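# Structural features, examined
The primary structure of each chain is shown beneath.
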Amino acid sequence: MTRIRRGYIARRRRTKMRLFVSSFRGAHSRLSRTITQQKIRALVSAHRDRDRKKRDFRRLWITRINAVIRGNLVSYSYSRLIYNLYKAQLVLNRKILAQIAISNRNCLYMISNEIIK
C-alpha cells in the first residue's frame, strides 16, 4: 500500500494560529496544543477587558469631576452636580465633563453655578 500524504488544511490552520501567538513566550508560541489554549485564553481576556475598560474610564471620569467640584464648593458633590444637570436638562456626559474639569476648571464652575440658580 502506498503512503497517504496528509492535506494542507490542518497545517494552514496551525500556521494561522501560530501567527496569532507569534509574540508569546516559550512553548506558548511553539507547541500546537499550548498555542490553541493560549489563543482561547487571550481572546477571552480581550473580550472581558473590553467591558472592563468602559467601566474603568467611567470611574476615572467620575473621580476627576468629583475632585474638581469638591475643590470649589465644600458642600457640593458629584452626585448633586449630576442630579442638577438632569434637572436642568443639560446633556453633558461624564467624559465631556471630565475633559472640561481638567482643561478649564472655571468653565465647570460656571456650569455648576448656573445649574444651582
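Residues numbered from 1 in each chain as written. Predicted model: local features only at pLDDT ≥ 70, side-chain atom pairs only at ≥ 80, totals over all residues. Heavy atoms only, no water.

## A look at the nonpolar core
Ranked by internal contacts, the top residues of the largest apolar core, which has 16 residues, are I65, I69, L81, L85, L97 and L108. Put simply, the parts of the chain that give this core at least two residues each are α2 (32-72), α3 (78-87), α4 (94-103) and α5 (105-116). Sequence-distant contacts of L85, defined by excluding residues within four places in its chain, comprise L90, L92, L97, I111 and I115. (Core = buried A, V, L, I, M, F, W, Y, C linked by side-chain atoms within 4.5 Å. Buried < 20%, exposed > 50% of the residue type's maximum accessible area, 1.4 Å probe, protein only. Helix = DSSP H or I, 4+ residues; strand = E, 2+ residues; numbered from the N terminus. Contact = heavy atoms within 4.5 Å.)

## Observations regarding the environment of K95
Structurally, K95 is set in helix α4. On the accessibility criterion, K95 (41% relative accessible area) is partly exposed. C-alpha separation for the pair K95 and F57, spaced 38 residues apart in sequence, amounts to 8.4 Å.

## With respect to the pattern of salt bridges
Enumeration over the complete set of coordinates arrives at two salt bridges. Across the salt bridge formed by D49 and R48, the nearest N and O atoms sit 3.2 Å from each other. By relative accessible area, which is 32% here, D49 ends up partly exposed. For R48, a relative accessible area of 39% corresponds to the partly exposed category. With its nearest N and O atoms 4.0 Å apart, the salt bridge here joins D49 to R52. (Salt bridge = Lys/Arg side-chain N within 4 Å of Asp/Glu carboxyl O.)

## Regarding the side chain of Q38
Tracing the backbone shows Q38 in helix α2. The class for Q38 is buried, based on a relative accessible area of 15%. Residue contacts for Q38: discarding those within four places in its chain leaves F24 and H28.

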